[in-house]
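Coordinate inspection notes
One letter stands for each residue in the lines below.
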Amino acid sequence: MSKLLSFPFLIAAISGVAMAVQGTINSSLSQKTSLLSATLVVHIIGTIVSLGAVLLWRAPFLTHNWSSTPWYLYLGGVLSVIIVGLVAVSIPKVGVCNATTAIIIGQVSTAVLIDHFGLLGVSRLPWSPWQLLGIGFFAVGAKLLFR
């Protein structure tokens, strides 16, 4: 089966759909309240949903040795606040399509670097000229999408 039709790829695509919808919702919420208030509410609700999932699936939380985890792996929470805030600010200024396109270009370019150098604890997967060409085509496609 092709990698493009695999279950993990489908899950990732659904995640992309959720990100576009989430960014739009968060942006609208921040316009109705304020950027910082909306970001706080989004993360409080996310915390409650995450806690429910941990309890429902009995995920090991209290038994994990959290002090043995490298410090930089805790930056996801900080990055989440930054992401929600920046997306909420960018969407009203450039639109959902343009903001999402810029986000994806940034994600893919950074992902290639993380894979190539094996950063943040992932296995090293060297880039290929095809990937670099793909990013170039992606950038051209993004230019066509920008309004």
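Before reading on, note that the structure itself is shown above.
Residues numbered from 1 in each chain as written. Predicted model: local features only at pLDDT ≥ 70, side-chain atom pairs only at ≥ 80, totals over all residues. Heavy atoms only, no water.

Section: the packing of helix 4 (residues 96-117) against helix 5 (residues 129-145)
The relative placement of two packed helices comes down to the angle between their axes together with the axis-to-axis distance. For the pair helix 4 and helix 5, the least separation of the axes is 10 Å and the interaxial angle reads 170 degrees. If you check the angle between helix 4 and helix 5, you find them roughly antiparallel. Between helix 4 and helix 5, the contacting residues are Cys97, Asn98, Thr101, Ile104, Ile105, Val108, Ser109 and Val112 on the first element and Gln131, Ile135, Phe138, Ala139, Ala142 and Leu145 on the second. Partitioning the contact of helix 4 with helix 5 into residue classes produces 10 nonpolar, four polar and no charged. (Axes fitted to C-alpha atoms, helices over the stretch in contact; angles between N-to-C directions. Helix = DSSP H or I, 4+ residues; strand = E, 2+ residues; numbered from the N terminus. Parallel < 35°, antiparallel > 145°, perpendicular 65-115°, else oblique. Contact = heavy atoms within 4.5 Å. Nonpolar A, V, L, I, M, F, W, Y, C, P; charged D, E, K, R; others polar.)

As for the packing of aromatic side chains
Applying the stated rule across the entire model yields four aromatic pairs. Taking 6.0 Å as the distance between ring centres and 80 degrees as the angle between the ring planes, the aromatic pair formed by Phe117 and Trp127 counts as edge-to-face. Here the residue Phe117 occupies a position in helix 4, and Trp127 occupies one in the loop between helix 4 and helix 5, the gap between them amounting to 10 residues. On the basis of relative accessible area, Phe117 is assigned to the partly exposed category, the value being 49%. Taken together, the aromatic side chains of Phe61, Trp66 and Tyr74 make up a single cluster linked through ring pairs. (Phe/Tyr/Trp six-rings, centres within 6.5 Å; stacked < 30°, edge-to-face > 60°. Buried < 20%, exposed > 50% of the residue type's maximum accessible area, 1.4 Å probe, protein only.)

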